Amino acid sequence: MNRWVKHFLDGHIYVGSDRDVLYQKASWTRSQNTNLVKVELFHDNWLLSIAGPGYFWQSDTYEALVGSRDSQLVARRIERQIEADDRLDYKEVIQSPISGERSFCEARLTKTNGFPLESHVGQWIVLELNMQKSRGFMYFSNKRL
Amino acid sequence: MTILLTWSDANGGANLTEPKDHGSLANGATSSASTIFVRHDGTNPITEAGFFIRAASGTYSGSATAAEDIAELLSWGDAALTGDFGGFQLALDALATFPAAEWPTFASKTVLSGGKIVGVTCRTGVGDCTTYKVPVITEMGCTADNEIQAGGSPNVSFACRMVIPAGEGVTGIRLFDQVLAYNYTS
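Residues numbered from 1 in each chain as written. Chains lettered and ligands numbered in written order. Predicted model: local features only at pLDDT ≥ 70, side-chain atom pairs only at ≥ 80, totals over all residues. Heavy atoms only, no water.

Asks: Break down the layout of surface pockets for me, citing the residues and quoting the values.
Replies: All names here are of chain B. Its volume calculated, the largest pocket comes out at about 870 Å³. If you go around the largest pocket, you meet 32 residues; those closest to its centre are K20, I173, R174, L175 and F176. Taken together, the elements giving at least two residues each to the lining of the largest pocket come down to β8 (151-163) and β9 (176-184). With three residues, β9 is the single largest residue contributor to the lining of the largest pocket. For the lining of the largest pocket, the class distribution of residues is 15 nonpolar, 11 polar and six charged. Approximately 480 Å³ is the volume found for the second largest pocket. (1 Å grid on protein atoms, 1.4 Å probe; cavity = no way out; pocket = protein on both sides within 12 Å on 5 of 7 lines; lining within 4 Å. Points joined across faces, edges and corners; volume = space filled by probe spheres on them. Helix = DSSP H or I, 4+ residues; strand = E, 2+ residues; numbered from the N terminus. Nonpolar A, V, L, I, M, F, W, Y, C, P; charged D, E, K, R; others polar.)

In structure tokens:
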């Protein structure tokens, strides 16, 4: 079952699956989004994971033909906003468990004395699973997607 | 989570019968503009929403190939000569009832108002892929640019039409997909 898992500072977790969302038993925006230390996104055989603490977001990209009620899932992503006092190395994980292959994606983020550049503060570090390319990507965005 | 979209020819109306048929047109003719309303059943707004066209998907029933059709449509929009100009056009200013001055022309393939695209001819690099999608705007009835609000009948609409180049030499049926790309957070 495809799902995200929110890990909180106090050790508890909150899981939102596609099925739960469909039946309005879970919601990213309406569930707790503070005091998070890590978010994982599981989709088919993929795992995307970003460590915190910080402000996280999750979004999907879809495409729909004009006239068609249904949409096709194009990409799933998790995002974390970069904070001035971050000491993270931005080596996040995009993993394909079925093959056991683990891909560490190191973002091209220059840091000064271990802290992010001022220009990066407030931007978002994004881990994205692209369905059409069957690949994971890491990039920075100047806005929440 | 997948949400369901409803495309209709009236606000709150039943879903369109697809595919959209722009009619049989002579060289140099412009189809009647079709106004299409869109809404969705998500509990949150959809964001980063915009339109583009691409090669027809599914079983092809045109006169050439899906790849040739989309290449030709985009070349009509790219045309450097007025006699070769045409293609698929969008008008987005529903609040102003899609004024004639905001439909694109050969001389003005993209029409801007207040810095936003209110009229456009799809062509290479403009509305031809998700990267270059034409964003939805408040003039369509959206409560914010790039977003389509939640709600059963949000009154968001656009108009579209086909322009056939005056100098077109090949008759036949052209097919393409018009796509709405968007983001959604549950």
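Asks: An account of the sheet that holds strand β11 (residues 124-130) of chain A is requested, with residue identities and associated values reported.
Replies: The strand order β12(A)-β11(A)-β6(A)-β5(A)-β9(B)-β3(B)-β7(B) describes an open sheet built from seven strands, whose pairing is antiparallel. Two strands bound the open sheet, and with one partner strand each, they are β12 (135-141) of chain A together with β7 (134-135) of chain B. Relative to β9 of chain B, strand β3 (residues 47-55) of chain B runs antiparallel, the two being bridged by seven bridges. What sits directly across from R54 of chain B, in β9 of chain B, is D177 of chain B. Those strands touched by helix α1 (residues 66-78) of chain B are β3 and β9 of chain B, and its axis lies near 115° from that of β3 of chain B. (Pairing = 2+ DSSP bridges. Contact = heavy atoms within 4.5 Å. Axes fitted to C-alpha atoms, helices over the stretch in contact; angles between N-to-C directions.)

Asks: Requested: an account of the environment of T43 of chain B, with residues and values cited.
Replies: Here T43 of chain B shows up in the loop between β2 (34-40) and β3. Each C-alpha atom of the pair T43 of chain B and Q149 of chain B lies 8.9 Å from the other, and the pair is 106 residues apart in sequence. Aside from chain neighbours lying at most four places away, what touches T43 of chain B is Q24 and R30 of chain A together with A150 and Y184 of chain B.

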